[in-house]
Every structure is written in C-alpha cells, then in structure tokens.
Amino acid sequence: MKGDKKIIDILNELLVGELTAVDQYLIHGEMYADMGLNELAQKSLHESDHEREHARALIQRILFLEGKPDLSKRDPLTVGKTVPDMLKSDLALEYKVTGDLKKAIAACEKASDFVSREMLETQLEDTEMDHAYYLEKQLRLIDMLGLPNYLQSQMGSGDPA
C-alpha cells in the first residue's frame, strides 16, 4: 500500500530514536551488570529488547507503506558514568521520544493514517507508563534512600541475563 511520504519520513525519524534507545539501554545494562547491579542490568537489558520491538514495528509499517526503512542513523548516545547519570540520560531519551511520538501521532491523525497512529499510541503508552515512569521512580528512590542503599537494593542475586 503506497503510503504518505511525509508519514514514512516521520516513521523513519522515530526509528532513529528507537535504535538509539536500543543501543543506550544495552550499554547501560552491560555497565550495570559489570558493577554487579543485577536488578538494574536485567531491567535495562529488557528495555533494550523492548525498544527493539518498537523499532521492528516501525520497520514493518514503513515497509507496508512501501517506504525504505533507514537503519543507518542514530542520535548520539549519552552514556552515563554513574548510576544516577545513566538513569537520567535514559530518562532524557525517553522524554525526547515521548515528544517525538506525540508530534508523529498528530501528523498521522492529520494524514488520516489511523493504523500508524494506533501503533504509535501503543508505543507512547509504553514510553510514558513503563519506561519513563520506571526511571522517574528509580531517581525518586535514590533521593529517598540515598545512593548507597539504593545501589545495594539493585544488586539482587544471580546473573542479570
């Protein structure tokens, strides 16, 4: 089905954000694992996989609209040096993706592409209610418990993978 070029371009822009998130969550997950923070590692690696699912949905939609998915681009990664920095950089990325998704949903509505809009609304819910909310909660826990207690709570047991 021949899609609206403007919508295909928007979907490709969103793909950049999702692929960036895959990579950023992956590096942070491996850093957490290396620090022995197995709970954080497991969650971050899970988020990397979840972002890959979002990217895959975008790729499939672009192909369905007879566009060409561009997997060559990424935004610069913001790799934190400390746990709070990693959480804050992931949260900033989620906030950016949230804003981009809201603009894209409005564009899909205007173009009467309701299937793309529905897909993006699902991704927006994941981004706001799951990803961003989790990160906000972790930062609040650090404030409430103090960093040493928080880090101890994130050690968990066993292998993060």
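Check the entry above for the structure.
Only a predicted model underlies this, so the values are computations on that prediction, with no experimental measurement involved.

Parameters and conventions
- Residues numbered from 1 in each chain as written.
- Predicted model: local features only at pLDDT ≥ 70, side-chain atom pairs only at ≥ 80, totals over all residues.
- Heavy atoms only, no water.
- Axes fitted to C-alpha atoms, helices over the stretch in contact; angles between N-to-C directions.
- Helix = DSSP H or I, 4+ residues; strand = E, 2+ residues; numbered from the N terminus.
- Parallel < 35°, antiparallel > 145°, perpendicular 65-115°, else oblique.
- Left-handed = near helix turned anticlockwise from the far one by under 90°.
- Nonpolar A, V, L, I, M, F, W, Y, C, P; charged D, E, K, R; others polar.
- 1 Å grid on protein atoms, 1.4 Å probe; cavity = no way out; pocket = protein on both sides within 12 Å on 5 of 7 lines; lining within 4 Å.
- Points joined across faces, edges and corners; volume = space filled by probe spheres on them.
- Salt bridge = Lys/Arg side-chain N within 4 Å of Asp/Glu carboxyl O.
- Buried < 20%, exposed > 50% of the residue type's maximum accessible area, 1.4 Å probe, protein only.
- Core = buried A, V, L, I, M, F, W, Y, C linked by side-chain atoms within 4.5 Å.
- Contact = heavy atoms within 4.5 Å.
- Phe/Tyr/Trp six-rings, centres within 6.5 Å; stacked < 30°, edge-to-face > 60°.
- Lys NZ or Arg CZ within 6 Å of the ring centre and 35° of its normal.

J.: Got a sec to walk through the packing of helix α1 (residues 5-35) against helix α2 (residues 38-64)? Specific residues and values, please.
T.: Put simply, α1 and α2 touch, their axes get as near as 8 Å, and they point 160 degrees apart. Compared by their axis directions, α1 and α2 come out roughly antiparallel. Of the two elements, α1 crosses α2, and the hand of that crossing is left-handed. Of the residues in the contact of α1 with α2, the class split is 18 nonpolar, seven polar and six charged.

J.: Residue-level account of empty space enclosed by the protein, with values.
T.: To locate leftover empty space, one rolls a probe as large as a water molecule over the atoms. Enumeration according to the criterion identifies one cavity of 30 Å³ or more in this entry. Taken together, Y25, Y32, L40, K43, S44, L87, D90, Y134 and L135 make up the lining of the largest cavity. Elements with a contribution of two residues or more to the lining of the largest cavity: α1, α2, α3 (83-110) and α4 (114-145). At three residues, α2 tops the list of elements feeding residues into the lining of the largest cavity. Residues that form the lining of the largest cavity fall into these classes: six nonpolar, one polar and two charged.

J.: Help me get a handle on the pattern of salt bridges, residues and values and all.
T.: As enumerated under the stated definition, the model contains 12 salt bridges in all. Of the charged contacts in the structure, one is a salt bridge between D9 and K5, with a shortest N-O distance of 3.0 Å. With a gap of four residues between them, D9 and K5 both fall in helix α1, about one helical turn apart. The class for K5 is exposed, based on a relative accessible area of 58%.

J.: Requested: an account of the nonpolar core, with residues and values cited.
T.: Counting 38 residues, the largest nonpolar core has L11, L14, Y32, L40, V83, L87 and L120 as its most contacted members. Listing elements by their share of this core, those giving two or more residues are α1, α2, α3 and α4. A total of 11 residues in this core trace back to one element, the largest contributor, which is α3. Sequence-distant contacts of V83, that is, excluding residues within four places in its chain, are made with Y32, M35, L37, L40, Y150 and L151.

J.: Help me get a handle on the packing of aromatic side chains, residues and values and all.
T.: Tallying each qualifying case throughout the model produces zero aromatic pairs. The ring of Y134 is capped by K43, whose NZ or CZ atom sits 4.7 Å from the centre of that ring.

J.: Any details on the packing of α1 against α3? Residues and values, ideally.
T.: With their axes 10 Å apart at the nearest point, α1 and α3 run at an angle of 165 degrees to one another. The orientation of α1 with respect to α3, classified from their angle, is roughly antiparallel. With respect to the hand of their crossing, α1 and α3 are arranged in left-handed fashion.

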